[in-house]
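# Secondary and tertiary structure notes
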Amino acid sequence: MFSDIGLEFNDKFVNYCINHSQIKNNTIVSLLRLLKSFMNWTFERDYHSNKNHKKIRLKEDDVELVALTGSELMRLYNLDLTQNTTLSKIRDTFCLSCFTGARFSDIANLKMTDIANDTWNLRTQKTRDILTIPLNDYALEIINRYKDSGTDFKVVSNQLSNKYLKELCKLAEITGITKRTHYQGSEKIEIIKPKYEFISTHTARRTFVTLSLEKGMRPEIVMSITGHKEYKTMKRYIKITSSAKQNEMKNVWKKI
């Protein structure tokens, strides 16, 4: 019932998710966010008069987000896959996302007619926003490879792409030991694996944001390309490396 959704429901739901379903804290937050959105939608249309859902708490834990470094991306981009067209297409799809910041769903729906004057005019699948993405040399090289053959950019499913991406990144020697931490209630859970095990299609978007910022692109420009509307939202994708912070500190505070 709509009238049951409030703080008491929040506490019971969180307790059930943690103690009975072993769901991670941030996944619980995502579920509650969907519930609040639904409750707001129904409230605005007078399906109920319950305002207690607005008190539901949404606080995500900070977690490490995996992104490729510049050298890792180039190793993947330059990987010789002439003998494997399937892996080659998946690599191209992933790298195009790394070079444009576009989501997997938008890469999957890319048509050559969307490209004009080295620019991708994109209406996003997720938000229906209209984005104008200037294409850099790497992105253009990938797109022209398919344009010259007279085909649109066709990709395999997200699930299958994630499976092959791990194989690709292993071939590209993206094998450094990586630790990811998440929380289940107050319990801290650490997972330690080779980096390629953590790579998925969404890693590409984080890679674009991270590398663009490291290379000096202004955050507002990055946001205009990716479609992020608030800096706090984009901030979740940022993973600034220690070397980048060191270089920034030296450049800002260099002795004159």
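Our subject is the structure that appears above.
In this report, the structure presented in the accompanying data block is examined.

The rules behind the values
Residues numbered from 1 in each chain as written. Predicted model: local features only at pLDDT ≥ 70, side-chain atom pairs only at ≥ 80, totals over all residues. Heavy atoms only, no water. Phe/Tyr/Trp six-rings, centres within 6.5 Å; stacked < 30°, edge-to-face > 60°. Helix = DSSP H or I, 4+ residues; strand = E, 2+ residues; numbered from the N terminus. Buried < 20%, exposed > 50% of the residue type's maximum accessible area, 1.4 Å probe, protein only. Lys NZ or Arg CZ within 6 Å of the ring centre and 35° of its normal. Pairing = 2+ DSSP bridges. Arc of directions from axis to C-beta. Contact = heavy atoms within 4.5 Å.

## Here's the deal with the packing of aromatic side chains
Under the definition given, this model contains six aromatic pairs. Plain terms: the ring middles of Y77 and F99 are 5.4 Å apart, the flat faces sit at 90° to each other, and that makes the pair edge-to-face. Of this pair, Y77 sits in helix α3 (residues 70-77) while F99 is found in helix α4 (residues 85-100), placing the two residues 22 residues apart along the sequence. For F99, a relative accessible area of 7% puts it in the buried group. Ring pairing ties together the aromatic residues Y77, F99 and Y138, which thus form one cluster. Directly above the ring of Y164 sits K163, whose terminal nitrogen or CZ lies 5.9 Å from the centroid.

## Examining the sheet that holds strand β2 (residues 119-123)
Strand order in the open sheet made by the three strands is β1-β2-β3, with antiparallel pairing throughout. Across the chains shown, the open sheet's two edge strands, defined by having one partner strand only, are β1 (115-116) and β3 (130-134). Judged from the five bridges that link them, β2 and β3 form a sheet pairing that is antiparallel. In the strand pairing of β3, N121 is matched with T132.

## Comments concerning helix α9 (residues 219-226)
Here α9 has its buried residues at V222, M223, I225 and T226. Taken end-on, α9 shows its buried residues confined to a sector of 165°, consistent with a single buried face. For α9, the elements touching its buried residues are α4, β3, α8 (201-214) and α10 (231-234). Immediately downstream of α9, the backbone of G227 shows phi near 90°, a positive value.

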